[in-house]
Amino acid sequence: MTDRSSAGDRSPDAPLAVARGLVKRFGDFTAVDGIDFEVRPGEAFGFLGPNGAGKTSAMRMLGCTSPVSEGHLRVFGLNPEVDGPTIRARLGVVSQMDNLDLEMTVEQNLIIYGRYFGIGLAELSAKVDELLAFGQLSDRRHSKVNPLSGGMRRRLSISRALINDPDLILLDEPTTGLDPQARQLLWERLWTLKSEGVSLVITTHYMDEAEQLCDRLVVMDHGRIVDEGSPAALIERHCPREAVELRYRTEAQQAEGEAAAARLGLRADNLRDRLVVYTDDGDGLVPKLEVEPGAVQSVLVRRSTLEDVFLTLTGRSLDD
């Protein structure tokens, strides 16, 4: 892959993207409501939040495919309103929905996309070989796209986004709809890019994906940023070390368990199907929440996650 440690005449330490008071409106609806963020060179930066939080709208403004309604946005130090084509030439974009040409082969999809950037056929030949190997698609070079699995298509979309040696890659919900094995393989490909110094912006509503891939992220809800930091810092800031999930036999018993947690001075989230209590000693807490013999059907003691952070910040889960 090409060295992307710097771009143009800008300082290699300068943010790749800067937003201040960024707003996106669709008529009377405000999808992005005055957010601030920076994307730094060499990092994987994430937008975490449920569907409808404003993640994709923010991504489209970054990608210069949706105009800014209000606020300040600069990408590579350039203004998307006047420098959109220049910015897009330096971006790699993987959208939520694959927009591959289904009737063409894997190789043809890469070649045609490379020609959009004016890359010569001689240079493209070597680049296509490299990208097919990166996406673990060399044996599918002459296969039509239509019969490929979802995971293969996503790997092809990412490989195609690298054809122009971009300074920044935008990935919108990159693993939505994939099975666990395909998600893991895609994560491995993205980790490879990170290790080579590629800068990534990822939107996701999967907490494990954000924890695995993002160096730093913003948590979004209803178009606003509710907090920012590394996954570890956000968890440490908002949650004790462990979370205890208890499933009670009745709603009344679950309410009693919540009251017992409150008497112990512990925060508890009373969800539809379970009670989640946060503590530094999960195993020691369980007997104190057994409100009567046999009341608890099942118990899970786990480490706190970004899902718990989101519950703390917004009062609802990421899939609500």
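Just above, that's the structure.
These notes cover the structure that comes with them. (Residues numbered from 1 in each chain as written. Predicted model: local features only at pLDDT ≥ 70, side-chain atom pairs only at ≥ 80, totals over all residues. Heavy atoms only, no water.)

## With respect to the packing of aromatic side chains
Move 1: Under the defined criterion, the tally for this structure stands at 5 aromatic pairs.
Move 2: Plain terms: the ring middles of F37 and F45 are 5.8 Å apart, the flat faces sit at 25 degrees to each other, and that makes the pair stacked.
Move 3: With a centroid separation of 5.4 Å and 70 degrees between ring planes, the pair formed by Y113 and F117 is classed as edge-to-face.
Move 4: Counting every residue linked through ring pairs, the aromatic cluster contains F37, F45 and F47. (Phe/Tyr/Trp six-rings, centres within 6.5 Å; stacked < 30°, edge-to-face > 60°.)

## Describing the sheet that holds strand β5 (residues 91–94)
Hydrogen bonds between backbone groups are what pair the strands of a sheet, and the pairing can be parallel or antiparallel.
Move 1: Taken in spatial order, the 6 strands make up an open sheet running β5-β6-β7-β3-β8-β9, and their pairing is mixed. Edge strands, defined here as strands with exactly one partner in the open sheet, are β5 and β9 (224–229). Between one strand axis and the next, the sheet turns by 15 degrees as a mean value, whatever way the strands run.
Move 2: Pairing of strand β3 (residues 44–48) with strand β8 (residues 216–221) involves 4 bridges; the strand directions are parallel. Within the sheet, the bridge partner assigned to L48 lies in β8 and is V219.
Move 3: In the packing of helix α1 (residues 55–62) onto the sheet, the strands contacted are β3, β5, β6 (168–172), β7 (200–204) and β8, and the crossing angle to β7 comes to about 155 degrees. (Pairing = 2+ DSSP bridges. Helix = DSSP H or I, 4+ residues; strand = E, 2+ residues; numbered from the N terminus. Axes fitted to C-alpha atoms, helices over the stretch in contact; angles between N-to-C directions. Contact = heavy atoms within 4.5 Å.)

## What about the sheet that holds strand β2 (residues 29–39)?
Move 1: Taken in spatial order, the 3 strands of this open sheet run β2-β1-β4, and their pairing is antiparallel. Whereas interior strands pair on both sides, the edge strands pair on one side only; in this sheet they are β2 and β4 (70–75). In this sheet, neighbouring strand axes are inclined to one another by 25 degrees on average, regardless of whether the strands run parallel or antiparallel.
Move 2: Both strand β1 (residues 17–26) and β4 contribute to a ladder of 5 bridges, which runs antiparallel. Of the residues in β4, the one forming a bridge with A17 is V75.

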